[in-house]
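Observations on the three-dimensional arrangement
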Amino acid sequence: MKIVHPGWLASTALILIACQSPAYAQTASESPAASEAGDEDIVVTGSRIQRSGFDAPTPTTVIGEAELALGNRPSIAQVLNDAPQFRATSTPSTTPGNTNSGVSTADMRGLGSVRTLTLLNGHRFAGANDLNIVPQSLVKRIDVVTGGASAAWGSGAVAGVVNIVLDDDFTGWRMGVQSGISSRGDAARYGADIAWGTDFAGGRGHFMVGGEYMNERGALSRSDRRNLEAGLFQRPDGKLELVRDPNSTQLYNGGSILGLTGAPRNLVFNPDGNIGAFPLGSVTQGATTVGGGGQNIFDYVAVSTPYERVNLFARASYDLTDSLKVWANFSFHRMSANYSFFPETPAVAIMPDNAFLTQANRDQLAAAGVTGPFLLGRVLDDVGDDGVMTFKYSRRNLEGAIGLSGTFGDGWSYEAYYDHGEIRLNQSLNNQRIKSRFTNGVDSVLVGGTPTCRINADASTTNDDASCVPINLFGNGSISDEAAAWAFGGSQLIYTIKLDAAGASLSGQPFSTWAGPVDIALGSDVRWEKQVTNYVDPLSLANALGTLNSSATNGSFNVKEVFAEVNVPLLDISDTLKLEVNGAARYSDYSTSGGIWSWKTGGTLRVLNDLLLRAVYSRDIRSPSITEYFLNRSTNIGTVFDPFQGPNGTVQNNVVVYGGGNANLTPEISHTLTLGGSYSPSFAPGLRLSVDYYDIDIDNVITTVTANDLLKQCFAAAPNDPTCSGIIVRETNGTIGSITNGFRNLANYRTQGLDIEASYRLPLGDGTLSFRALANHVFNLKINGADVAGFVGGDTAFSTPKWRGTATIAYDSDDFGANLRLRYVDGGLDRPLSVVNNVPIEIVNNKVGSRTYVDLGAQFKAGPFTLFGNVNNLFDRDPPITPYTSPNYDVIGRYVSAGVKLNF
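Computed from a predicted structure; not experimentally measured. (Residues numbered from 1 in each chain as written. Predicted model: local features only at pLDDT ≥ 70, side-chain atom pairs only at ≥ 80, totals over all residues. Heavy atoms only, no water.)

Taken as a whole, this structure holds 25 aromatic pairs when the rule is applied. Residues Phe557 and Tyr590 carry aromatic rings whose centres are separated by 6.4 Å and whose planes lie at 45 degrees to one another, so their mutual orientation is tilted. Of this pair, Phe557 sits in strand 31 (residues 555–573) while Tyr590 sits in strand 32 (residues 577–590), placing them 33 residues apart in sequence. Take Phe557: its relative accessible area is 4%, and that puts it in the buried class. We classify Tyr590 as buried; its relative accessible area is 3%. Ring geometry for Tyr693 against Phe779: centres 6.4 Å apart, planes inclined by 40 degrees, an arrangement best described as tilted. Highlighted residues: Tyr693 in strand 38 (residues 687–703) and Phe779 in strand 42 (residues 767–783), separated in sequence by 86 residues. What makes Tyr693 partly exposed here is its relative accessible area of 22%. Counting every residue linked through ring pairs, the aromatic cluster contains Tyr339, Phe341, Phe342, Phe391 and Tyr393. Here Arg395 stacks its cationic end above the ring of Tyr393, 4.1 Å away from the centre of that ring. A cation over an aromatic ring shows up here: Arg851 above the ring of Tyr889, its NZ or CZ 6.0 Å from the ring centre. (Phe/Tyr/Trp six-rings, centres within 6.5 Å; stacked < 30°, edge-to-face > 60°. Helix = DSSP H or I, 4+ residues; strand = E, 2+ residues; numbered from the N terminus. Buried < 20%, exposed > 50% of the residue type's maximum accessible area, 1.4 Å probe, protein only. Lys NZ or Arg CZ within 6 Å of the ring centre and 35° of its normal.)

Another point: the environment of Leu380. By the secondary structure assignment, Leu380 is in the loop between strand 22 (374–377) and strand 23 (390–408). Of the residues examined, Leu380 reaches a relative accessible area of 3% and is grouped as buried. Apart from residues no more than four positions distant in its own chain, Leu380 is found in contact with Pro343, Glu344, Pro346, Gly387, Val388, Arg433, Phe438, Leu473, Ile479 and Phe488. (Contact = heavy atoms within 4.5 Å.)

Turning our attention to the sheet that holds strand 17 (residues 283–285). Adjacent strands of a sheet form backbone hydrogen bonds with each other and so pair up, either parallel or antiparallel. In spatial order, the strands read 13-18-17; together these three strands make up an open sheet with antiparallel pairing. Pairing within the sheet leaves two strands with one partner each, and these edge strands are strand 13 (246–248) and strand 17. Across the sheet, the axes of successive neighbouring strands diverge by a mean angle of 25 degrees, strand direction being ignored. When strand 13 meets strand 18 (residues 288–290), the two strands line up antiparallel, connected through three bridges. Across the sheet, residue Pro246 finds its bridge partner in strand 18, namely Val290. (Pairing = 2+ DSSP bridges. Axes fitted to C-alpha atoms, helices over the stretch in contact; angles between N-to-C directions.)

Take the nonpolar core next. In terms of nonpolar packing, the biggest core is built from 42 residues, with Leu80 and Ile142 touching the most fellow members. At the level of secondary structure, the elements contributing two or more residues to this core comprise helix 2 (76–80), strand 6 (139–145), strand 7 (160–166), strand 38, strand 41 (744–764) and strand 42. Every residue in contact with Leu80, bar those within four places of it in the chain, is listed here: Ile63, Phe86, Ala106, Leu131, Ile142, Val144 and Val162. Leu267, Ile275, Trp486 and Ala487 belong to the second largest nonpolar core, which has 28 residues in total. (Core = buried A, V, L, I, M, F, W, Y, C linked by side-chain atoms within 4.5 Å.)

Function cannot be read off these values alone, since they describe shape.
This is the structure:
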């Protein structure tokens, strides 16, 4: 579970995912015969030098309109996540306990979404960190560069580039409505979209406008998905086991009675306030019981979070002359939600004379040997009307862009643009403890038979708070409304992220070699990024709240860049051999860290029109983000393994981990090698095969080590220093209270793998039958030399299956369309073994089986109307056992959606 605060943070085969639409049914590696199906009309944007079809110097994966509709996914990011090269790092179902909840990003290769650069029509835009922003009905296709491309496109293109291409020439009307629901009756969603485009001024001008509304209710209960009520359990023999329904004996929603060291006494306050035995489960070891009536805070976290989304987009363009066009875009996006987060779980000291301990309570405690102060482990799920903490947010993006493009001379073209965008986020986490008030309210005594805060019981006390309201924690529902209003409050943070970006480029063919014309592109980009905090609540400023105190993040930087790209033909023997070499270079000058170069070089060799071989080597960069530079404080909550607690260590839940920014960060530097080939035999029209090998090596990685890794490092360096020189703060009973861990340039990431694609298409009756299979195999994913590929658990950092793949059979005609898709996710190990004193602790059921999901879709067409339906995860395959969520496996289960579209 994470609380993130504040802020949001080339060269493989051209693959067309699950192709259904003849307009986008070819690959960039195909033979010239492919142009019969329209491949030559596709202008890909894998580099600044744009080419039609298979001649593109930087091959690019293209996802067309039909692929965007496949599975009826609610956002562009979730469409991308179906592709084997992407990982679902940030979606409503993978960040349900996170203040970035609802944000959907593109994360290629699982290297982190900050290493995938997202563009709109080839330009940077403020909403790039959340692909919910772009209305899907206006998207023509998505170009995906699956390799380093910083030299062509700039910082952030370490793993690749996602370029969203709008249907700028759309005319007519498009409108539709849809609805969906899971087989468990939750995760319901409904939405509508409408778009209109028209020419004006005799065809010299064009205008289009579109709107989109989506309301997703979320899946709020885990009880219907038994594998999501799970966790790690340390057995009496010291071995670890992944079990369903592990609960803490130190937590109870009526109060668990503990010793002063936190050891359970197996006594609880029942909901009615009377004392009884702890309802233990089938197996109990230490502070954990399997089953029973204990509590686990993950039980309160949603499976998928709700949200409401509104998008508006308008674009106008006008041909001033036959060779000069001007254009302008405007967009509005708002996304909001308000839902239960998770409860606070304080361990509270209770004095023997507490005002709310009845005589019967005292007698039972005395009989159990509890005669003095004790700790009460309490799940605060009964505070006020909401019960638990609630997270509320509203994200709004306003963005405008203007630009021009034109041609001159003999084939020269140019373009320039300016974009200004502002994201304003208002978020709050309510129903938190106000720490001092809560402590004072709990510590109450009887004065004249009336519960009174101890600080007010003695007239001579100087720290009286006359407004202190006594708090009864014994039993569930015992906290009065007055106590809740006085001792609980919320944090609120309002901040604005601003982006100003401008660029200009020139491209053409200034001369020719003996083998053909030389392509060049050159230009300059400049951008300013800024974050301004508009409001922080007074309680947070006083660090008064128990879980999340908001804090300001203010900072800015700018970058000025120049770039050049060239493609040189060296050999062209008609229908036999064609050899081209290409390269690019970019110089970036950052106001924070100075100048840095990125570059790439490569080549393509076409043999007998059917076989294309390619190779590219690049040096790519990623500059630090505003958050990484200037974040004042972030807060995470999670489970850690504390190696300092005895020879076998101990598992501890609900540990707070604080992080922060670092103004001394420098850019990451990556080197990427891609080697590949594509084969499109002329003797088998419609058959296409491709394989690409990639090797991405990133140094100077900006990151924070995981809390568990930090603890391991601390123990290895100083096993007799349980605070690790102040990094770890411990409670009086020795347990970890908090860990401090900030951003640093301290890691190396390296991954190697294969992208594989095979497709075949043929006419059938009045339509087209297509087959397509895509796969990604990860040889290794090394984090500081440790290979994590094959560790697939949901709470494992860089959780990455070694194999992912999709296979689709689709039929499409003027009247009917249908598709059957298989999605395969490899199994592996849930997580690495824990090591204490150089001795590995075995996880007895660490193996995770693979999953294959079956999706069905159908479309019925009648004139301008299309009726469609989809079933995803037809056989309702459960995810592996996981305590929180999974970026690799489906956690929703069978999902049915349907709708109608109208085009005219």
